[in-house]
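Architecture and fold: a report
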Amino acid sequence: MTGARTAHPMAALASLWRLVVLGLVFLLGIWASASGTLTAMMAYREDIAFLTVQHLELVAISGAIAIVTGIPIGILLARRSLGMFGPVLAQIINLGTTIPTLAILALAMTVLGLGAPPAIFGLAVLTLLPVVLNTVSGLRAVPPALIEAARGMGMTPAQILFQVEIPNALFVMAAGIRTALAINVGTVPLAFLIGGGGLGELIFTGIDLMDTGLLLAGAIPTAMLAVIVDFVAGQLQFWLVPRGVNPLR
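An account of the accompanying structure is given in this report. All of these numbers come straight from a predicted model, not from anything done at the bench.

From N to C terminus, the protein includes eleven helices and zero strands. Reading the helices (α) and strands (β) of the protein from amino to carboxyl end gives α-α-α-α-α-α-α-α-α-α-α. When burial is assessed residue by residue, the protein has 36% of its 249 residues classed as buried. Within the protein, counting contacts between residues at least 6 apart in sequence, those at least 24 apart form 72% of the total. Carbon and sulfur atoms provide 74% of the accessible area of the protein, an area that totals close to 13,700 Å².

See below:
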């Protein structure tokens, strides 16, 4: 009963947040239409469509790399058997996030050259930490009694990991992936500075030319993409995580 009572306020807050976001988007549309900004943006609609596809490609590829590498690293860090190597590995990952974004992109550019590859590498490094940390937190939050019961049933360590620990940590792990994707979408515009493409081309060109319409033609779609990606990730988290370990259901 307590879990059900806790889930209802969280679900209500999630619904309220979605309504607030939709209201803000609606008001933004009214303002853009009334101020003439929408008309100025429509002059670049072909560029917006082309660069949005590039933007999403960078998010998808770098996000997939971060997820595929971050979850195994998080599983390793959650193992107590690593001893002193666990904190060392965690500090190395933290170091990658303390370096400024532009510095990571510049370092990647010196090794990989200009274009999409260094941008993808830099974005993957920047979005790695939330995936790793939430994987570690989720696995370490699994009740020890469940693990002991699984051992008592004769399950192997691999079976315990995939059938007990990961299913119970899935909600926290999904929250880390959701955070990582949100960070990724907002950081991708910087990829333009090293030839990676994306909506940053409109944003930085608009700044250079002091063209507000061009600037907003990149900034507004970027903001909308961040909201859409976060919403889709939230829905996947809500529906794919089983009811028993999902506090929102």
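In this structure, the second largest pocket occupies an estimated 280 Å³ of space. Considered class by class, the residues forming the lining of the second largest pocket number seven nonpolar, no polar and five charged.

Bringing unusual backbone geometry into the picture now. Glycine aside, the phi torsion of most residues is negative, and most peptide linkages are trans. If you check the backbone angles, Met210 has positive phi at about 55° while not being a glycine. A relative accessible area of 74% means that Met210 is categorised as exposed.

Next up on the list: helix 10 (residues 200-209). Those residues of helix 10 not exposed but buried are Gly200, Leu202, Ile203 and Gly206. Within helix 10, the buried residues cover an arc of 165° as seen down the axis, which keeps them to one side. Turned more than 90 degrees from where helix 10 packs its buried face, Asp208 and Leu209 sit exposed. In the core, the buried residues of helix 10 are packed alongside helix 3 (45-78) and helix 11 (212-240).

Considering the arrangement of structural elements, one finds Leu126 in helix 6 (residues 116-126). In sequence terms Leu126 and Gly63 are 63 residues apart; their C-alpha atoms lie 9.8 Å from each other. Those residues in contact with Leu126, other than ones at most four positions away along the chain, are Thr101, Ile104 and Thr187.

Rules used throughout
- Residues numbered from 1 in each chain as written.
- Predicted model: local features only at pLDDT ≥ 70, side-chain atom pairs only at ≥ 80, totals over all residues.
- Heavy atoms only, no water.
- Helix = DSSP H or I, 4+ residues; strand = E, 2+ residues; numbered from the N terminus.
- Buried < 20%, exposed > 50% of the residue type's maximum accessible area, 1.4 Å probe, protein only.
- Contact = heavy atoms within 4.5 Å.
- Areas by Shrake-Rupley, 256 points an atom, 1.4 Å probe, with all protein chains shown as cover.
- 1 Å grid on protein atoms, 1.4 Å probe; cavity = no way out; pocket = protein on both sides within 12 Å on 5 of 7 lines; lining within 4 Å.
- Points joined across faces, edges and corners; volume = space filled by probe spheres on them.
- Nonpolar A, V, L, I, M, F, W, Y, C, P; charged D, E, K, R; others polar.
- Arc of directions from axis to C-beta.

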